[in-house]
Amino acid sequence: MFIIGELINGMYQNIAKALKEKNKAVIQECALEQVKAGADALDVNCGPGSRDPVSDMQWLVETIQEVTDKPLALDSSKPKVIEAGLKALKHKGVINSTTADPEKLEILVPLAKSYAAKLIGLCISSKGIPQNKDQRMDLAATIVAYCSEQRFPIEDLYLDPIVMPVNVAQAQMKDILESIREFKIISDPSPKTIVGLSNVSQGTCARSLVNRTFVTMAVAQGLDGAILDPKDTDLMDALITAELILNKQIYCDKYLDAYRKK
Amino acid sequence: MQELMLETWSGAINTVTIGATKEEGGTRSRAIKVGGQKTLPFLFPEGELPHKSVVAFEVWDTPPADWPKNLTDAYGDSLKDPLKWAEKCVKDFKAQLIALRLQGAHPDFGNKTPEQEAKLVAEVLKKVDVPLIILGCGDDAKDNIVLPACCEAAKGERCLIGSAVQDNYKTLVAAVLADGHNIIAESPIDINIAKQLNILISDMGLPLERIVVNPTIGALGYGLEYAYSIMERCRLAALAGDKTVASPFICFAGHEAWRAKESKATQEEFPEWGPESERGIIWETITATALLQSGADILVMRHPEAIAKVNKYIDNLTISSSVERRADRV
């Protein structure tokens, strides 16, 4: 499971404050805590309050790279901000994200290709959020087709079915889960799949429980990656156990420790 | 020509170094490295296989009572003196590695003291200059006092010491840590316990790079296939990135093969089986070569002729499959 830690995001007050004050220690501590908890990569998002996201992204990337070599997922809806992050990267990164809109794909797919970055493709377009599985499959196919045309390696493409909050779109949950499995048959080699997990529990009163239950069900559908809070120990334990049950790692009594030792 | 299907692996087997030269603070003529593979055994075009598998000659501190005549004949009188025996292995049979089994420490087989065994280890290290594996007698309580004494006597020589088991590992790990050796982690043909033990040992501060796993094996006809499948599964997980099972393997092929009836029964008992003088060697050789194919890095063996055959097998497979070699020919 490719786990992207979500905590370096200007949406959170501590990060917004550290970004404003250029306080490296706060950012670096947040990065290291997530890595220690089992994150394979770290999401980097300047947040809505950033006045100069291009330079903020660059500063965040440089700051985090001083303490860890883990890949960074450059999270912005603005291609310019992503490009600023890519330029500052020392290692292979992740672009988070493109939509299925041609104007986004035309910029971000070539960028991902030239920086050998992984690419997250959201199954969403300017027409709005998909309402069922068919719409998700259409959007996914659009992204895969464009990537194939551009000779972007499909195994580096992570499709996100767009996870809706369960208290808003309860009727869609089953479709979202099934999409994860069906994305795999769009092409050979198959694209990978990823979810922005925390959205599923937005506005609910049992966030951690909803998150870990959803992720367990998604893993059973073949999910390859998740953007989540790796410091939620119960969530990570459930995720590791789900992978264990699918025979993706060898059991031993200390299998939770073993996973985190990786 | 058809294209080869090549797998890309993300993980690698840990590299373990056995023996320390003068420059490294020991007295060995050379150090032996095992592990480091980035693909399955002998798949040279697919990934790096930096170190050849190596065979260790088994030497006992006491004359082995249960070895059949077709095996003891190969060593003659030297079996009575571990120093002469070790020397014969190195001088006559060109042994690269010696596995000294302290069977005589066992309460039922001589009950030698820790001091006696430590002295023997020091003498063996003086007599031969190849790296050393030191094996306990199998009685946990006795091994817990004998092996730490031997670790100390061999301090700085970076030996491989065994065996730690799930119910008895702390004393040995502490001794190995203190005196700079490597450890053998033994599990009873059980991949889950092998993994668990590696974690327990590394939790005590001994790096995974100093652990060699004894997965326990069966001889040809006695569970070899099962051992093979366990080792293979372990390797596949390690190559896929699980560092906790990425240890080189040590396999006691001689110990298991020479317990088999097929290797020691005489021709008089089973005329249709042919002469035991050849049969035992074949049994040990076949057991060992199958284990090489499943990933064995160190084979502990007994009959010099079987060892010579296995060494030749390793050399042949290494040479004929080597990518560099093929490139040279082109």
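Parameters at a glance
- Residue positions are given per chain, counting from 1 as you read along its sequence in written order.
- Key to labels: chains lettered from A, ligands numbered from 1, both in the order written.
- In keeping with the predicted nature of the model, local features appear solely for residues at pLDDT of at least 70, side-chain atom pairs appear and are counted solely at 80 or more, and the whole-chain, interface and lining totals rest on all residues.
- A run of H or I in DSSP counts as a helix once it spans at least four residues, and a run of E counts as a strand once it spans at least two, with each numbered from the N terminus.
- Contact between two residues is assigned when their C-beta atoms, built from the backbone, lie within 7 Å.
- Buried means a residue has 20 or more other C-beta atoms within 10 Å of its own C-beta, exposed means 12 or fewer, and partly exposed covers the counts in between; C-beta atoms are placed from the backbone.
- Here the arc refers to the directions that run from the helix axis out to each C-beta atom.
- To form a nonpolar core, buried Ala, Val, Leu, Ile, Met, Phe, Trp, Tyr and Cys residues must be joined through C-beta atoms within 7 Å.
- In this description, strands pair whenever DSSP reports at least two bridges between them.
- Each axis is a line fitted through C-alpha atoms, taken for helices only over the stretch in contact, and angles between the N-to-C directions span 0 to 180 degrees.
- The classification used treats Ala, Val, Leu, Ile, Met, Phe, Trp, Tyr, Cys and Pro as nonpolar, Asp, Glu, Lys and Arg as charged, and all other residues, Gly among them, as polar.

### Here's the deal with the environment of Tyr115 of chain A
Moving on, step 1. Residue position: Tyr115 of chain A is located in the loop between α5 (102-114) and β5 (118-122).
Moving on, step 2. Dropping the residues within four chain positions of it, Tyr115 of chain A is found in contact with Leu86 and Gly93 of chain A.

### Things to note about helix α2 (residues 82-91) of chain B
All names here are of chain B.
Moving on, step 1. Every buried residue of α2 is accounted for by Pro82, Trp85, Ala86, Lys88 and Cys89. End-on, the buried residues of α2 take up no more than an arc of 160°, which puts them together on one face.
Moving on, step 2. On its buried face, α2 sits against β3 (54-60), β4 (98-101) and α3 (114-127).

### Concerning the nonpolar core
Residues and elements named next belong to chain B.
Moving on, step 1. Counting residues in hydrophobic clusters, the biggest one holds 176 residues, and the most contacted among them are Ile98, Leu100, Ile133, Ile183 and Leu299.
Moving on, step 2. No other element matches helix α7 (residues 224-239), which puts 8 residues into this core.
Moving on, step 3. With residues up to four places along the chain from it excluded, the contact list for Ile98 reads Ala56, Phe57, Val59, Ala86, Cys89, Val128, Val130, Leu132 and Ile133.

### Regarding the sheet that holds strand β6 (residues 157-160) of chain A
Residue and element names in this part refer to chain A.
Moving on, step 1. Strand order around the closed barrel formed by 8 strands is β1-β2-β3-β4-β5-β6-β7-β8, with parallel pairing between neighbours. Sheet twist, expressed as the average angle between the axes of neighbouring strands with direction ignored, equals 25°.
Moving on, step 2. Against the sheet, α5 contacts β4 (94-98) and β5, and its axis sits at roughly 170° relative to β4.

### A closer look at the interface of chain A and chain B
Put simply, an interface is often sized by how much accessible area is lost when its parts join up.
Moving on, step 1. Across the boundary between the two partners, chain A contributes 10 residues, which contact 11 residues of chain B.
Moving on, step 2. Class assignment of the residues belonging to the side of chain A that touches chain B gives a composition of 4 nonpolar, 1 polar and 5 charged.

These figures come from the coordinates and say nothing about function on their own.
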